[in-house]
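Residue-level structural notes
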Amino acid sequence: MRRIYHTTSSGIHVFLETKYLSEQITRMSFTMKEGGFGVGDYVAFGVLCASSCAGGVWYSAVGSRSKAVVDIKDYLLGGKAMSTFPVAMSLIASYVSGVTILGTPAEIYNYGTQYWLVIVGVTLSCVVVATVYLPVFCTLRLSSSYEYLELRFNRHVRAVASVLFLLDEVLFLPMVVYVPALAFNQLTGFNVFAVGGVMVVICGLYTVLGGLRAVVWTDSVQTGVMFIGVLLVAAAGTLAVGGVDAVLGIARESGRLELSNWSFSPYERQTGWGSVVGGFLYWTCFNSVNQTMVQRYIALPSKKEAVTALAIFCIGAILAISLCVWCGLTAWGAWVLGGCDPAGVPLVDDRLLPAFVTYVAKVQHLPGLAGVFLAGVFGAGLSSLSAVLNACALVAVEDIMRGWLRLRLKPLTEGILARSVTAALAVISVVMLVVIEKLGGVLGVATALSAIAASATCGIFTLGMACWWVGPRGAIAGAIAGALLAGTVSLGTQAAAAAGLRAPPLNMTMECARNSTFIPTSDFDPNTVFPLFRVSYHWIAPLGLLATLTVGAIVGWFFDKRDETKMDSELFTPIVWRLLPAEAHSNCGMVRRSINTKDVDCPTAPCAPLILGQATDKIEMNGETSR
């Protein structure tokens, strides 16, 4: 019987007997240096990538002939008549990028399965989005989620949220491009910039020409390819280790199967409360008001179909996270069984999964596996890239140009402008690869800005939908407070990490304990770091959200004056309808009628219609009469 050397959270060293290591079997070591692409891999990668992009190119050609660049509504929202399942797949693609596929297995490999509990937060988040936020967007029939902020507050609040979104996505785009390009570079040796450039050209082509229809239909195929790739890696990796029981046994007896840490300490990287509560609030911030998500909700013809798409998204996101978690466990099992090669010791980076795929392909003699996997990573990257590009075009036209600057151009000009914004962002994402390669800290900065935008923006919308006493002053004050707190904590934690503050891996095995390079040694004292800069990344977005809500509610109570024209029950979530002032119910539907070009009868307050209007070939100049 071979023993596993395990270090508990209290520092006690324990020797564990395990039947899975009882036989001295000659195995290929997993070294994290694996790579290589064969003929079968190139064929599989080429076929899958071509098929996933074919739909986007086809819709681009059809859209270019039928709508030209005239129908800006059809380009940005798919005519608000998309099908449920493709939109649900596109919702999944909006979140699950190459960063998720490569980052999650490394997190599990280093810190155990506690992170998997984030799926509970995902489920709770979808329930909250469907009951609190979605009814408001579907009732008002808006083209942009940020248009709501002008209706509820004013155009300056709308501009603040729009700029936060655009800045967030400008830094997120190169990350989405860089990760698949880096995986391709590791497996094939091709230049990162060349691969990133080709990726952006392909994605930008069908996004610029085809709009949301091309993006949604291509996303649905690419999401399928992504699931196939990750599923094959998980299955083949399980067989390489010796089966499900072997993977779970090694993980359990080496301490990697960890779901029992429910510490309340915000300084521990992974805890049950951090994954569930922190994950719930972060996903709520992302799923509820982020333009990439809302744009797809309102592209469906009814609220019922939007809720159905959200439910499918929830299931798909849980499945994707669970598959990535399992891939991390299989990689850990392969490393342990292979003798714990020093090159693969925790902490490992995002190169883990590409290296493990090549390892599994060699052990199981599966030519083409690396090609299928890489096609899945590229599919995830392309779908996230196209989702962001299309959403940014919508925000630039609807929120910045029309909403804030009050510019009304001809439909032809607006169509060209939207496509120009998409093309410009695609070019920027490639140029930013140079910065990312030269300055690794840019990834940390992008993460920090993501927390700022998500928490502050969600806080503004929540104040608007739930706190009827809050006006523009409270909304802007809350946004500033939330952005400052989230930004300070995010940048501070990144600076502390750069200085040497890193959470140690969960445990170690006996074989690796003999290797001094495995045992983490650091002279860096965590107590010298300001406490807020030591919190887990799970709590950054919740801190920003809490600051936005608290400051916004207090400032609004004391300094905002009630605007009777904003007291419309349809501007508030149904959860608080019973608490609203009487004038809010008497004004039901007033705002909606003012922004639609046709008369719509409002039902008896506080009820509101939740059916979106069907698409027309003409442009609806939303908000023209009310602005």
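For the structure itself, look to the data block above.
Predicted model, so just to flag it, every value in this text is computed and none were measured.

Structural notes on the overall build of the protein
Check the secondary structure of the protein and you find 21 helices and two strands. Residues counted as buried form 58% of the 627 residues belonging to the protein. Counting only carbon and sulfur atoms, one obtains 67% of the accessible surface of the protein, whose full area is about 23900 Å².

Notes on the environment of Ile312
Along the chain, the position of Ile312 falls in helix α12 (residues 303-337). The sequence separation of Ile312 and Phe85 amounts to 227 residues, and the corresponding C-alpha distance is 7.8 Å.

Section: the pattern of salt bridges
Per the stated rule, a full pass over the model turns up seven salt bridges. Between Arg406 and Glu150 there is a salt bridge; the shortest N-O distance is 3.0 Å. Within this pair, whereas Arg406 is found in the loop between α14 (369-404) and α15 (411-438), its partner Glu150 is found in helix α6 (residues 147-152), the two being separated by 256 residues in sequence. Owing to a relative accessible area of 8%, Glu150 belongs among the buried residues under this scheme. Residues Glu583 and Arg562 are paired through a salt bridge, measuring 2.7 Å at the closest nitrogen-oxygen approach. On the criterion of sequence distance, the pair formed by Glu583 in helix α20 (residues 582-586) and Arg562 in the loop between α19 (540-559) and α20 is long-range, its members being 21 residues apart.

A closer look at a nonpolar patch on the surface
Where nonpolar side chains cluster on the molecular surface, the patch consists of Trp404, Leu405, Leu407, Leu409 and Leu417 and spans about 400 Å² of accessible area. The partly exposed category is assigned to Trp404, whose relative accessible area is 34%.

Digging into helix α13 (residues 352-363)
The terminal C-alpha atoms of α13 lie 16 Å apart, and with twelve residues this matches the ideal 16 Å at 1.5 Å per residue to within 8%. Counting buried positions over the twelve residues of α13 gives ten, a clear majority of the element. Considered for burial, the residues of α13 that qualify are Leu352, Leu353, Pro354, Ala355, Phe356, Val357, Thr358, Tyr359, Val360 and Ala361. Positive backbone phi, at 55°, marks His365, one or two positions downstream of α13.

A short note on the environment of Val157
Secondary-structure assignment places Val157 in helix α7 (residues 155-188). Setting aside residues no more than four positions away along its own chain, Val157 makes contact with Leu149, Ile460, Pro472, Ala475 and Ile476.

Quick look at the environment of Gly403
By the element assignment, Gly403 lies in helix α14. Counting along the chain gives 253 residues from Gly403 to Glu150, while the straight-line C-alpha distance between them is 7.8 Å.

What to know about unusual backbone geometry
Residues other than glycine seldom take positive phi values, yet Arg141 does so here, at roughly 55°. Look at Arg406: it is not a glycine, yet its phi comes out positive at around 65°. The class of Arg406 is partly exposed, set by a relative accessible area of 35%.

Here we look at the packing of aromatic side chains
Inspection of the entire model under this criterion finds 23 aromatic pairs. Where Phe356 meets Tyr359, the ring centres are 6.2 Å apart and the plane angle is 20°; that geometry is what we call stacked. Remark: Tyr359 and Phe356 occur in helix α13; sequence separation between them is three residues, near one turn of the helix. On the basis of relative accessibility, which here comes to 3%, the residue Tyr359 falls in the buried class. A connected cluster of aromatic rings, assembled from ring pairs, spans Phe37, Tyr42, Phe45, Phe184, Phe190 and Phe378. In this structure, Arg256 is placed above the aromatic ring of Trp332, and the distance from its NZ or CZ to the ring centre is 3.8 Å. Sitting above the plane of the Tyr267 ring, Arg534 keeps its charged end 4.5 Å from the centroid.

Considerations on the nonpolar core
Judged by nonpolar contacts, the single largest core of 147 residues is most densely connected at Phe30, Ile101, Tyr148 and Phe313. When residues of this core are assigned to their parent elements, the largest contribution, 20 residues, is made by α12. Discounting chain neighbours no more than four positions away, the residues touching Ile101 are Val96, Met226, Val230, Cys324, Leu353, Phe373, Gly376, Val377 and Ala380. Counting ten residues, the second largest nonpolar core, distinct from the first, contains Leu164, Ile452, Val489 and Val535.

Side note on the packing of helix α9 (residues 244-253) against α12
Axis separation between α9 and α12 bottoms out at 9 Å; the angle between their running directions is 80°. Overall, the two elements α9 and α12 adopt an arrangement that is roughly perpendicular. Here Val244, Val247, Leu248, Ile250 and Ala251 of α9 come into contact with α12, specifically with Trp326, Leu329, Thr330, Trp332, Gly333, Val336 and Leu337.

About the criteria used
- Residues numbered from 1 in each chain as written.
- Predicted model: local features only at pLDDT ≥ 70, side-chain atom pairs only at ≥ 80, totals over all residues.
- Heavy atoms only, no water.
- Helix = DSSP H or I, 4+ residues; strand = E, 2+ residues; numbered from the N terminus.
- Buried < 20%, exposed > 50% of the residue type's maximum accessible area, 1.4 Å probe, protein only.
- Areas by Shrake-Rupley, 256 points an atom, 1.4 Å probe, with all protein chains shown as cover.
- Salt bridge = Lys/Arg side-chain N within 4 Å of Asp/Glu carboxyl O.
- Patch = residues over 30% accessible without salt bridge, like charges linked within 9 Å, V, L, I, M, F, W, Y side chains within 5 Å.
- Expected span 1.5 Å × (residues − 1).
- Contact = heavy atoms within 4.5 Å.
- Phe/Tyr/Trp six-rings, centres within 6.5 Å; stacked < 30°, edge-to-face > 60°.
- Lys NZ or Arg CZ within 6 Å of the ring centre and 35° of its normal.
- Core = buried A, V, L, I, M, F, W, Y, C linked by side-chain atoms within 4.5 Å.
- Axes fitted to C-alpha atoms, helices over the stretch in contact; angles between N-to-C directions.
- Parallel < 35°, antiparallel > 145°, perpendicular 65-115°, else oblique.

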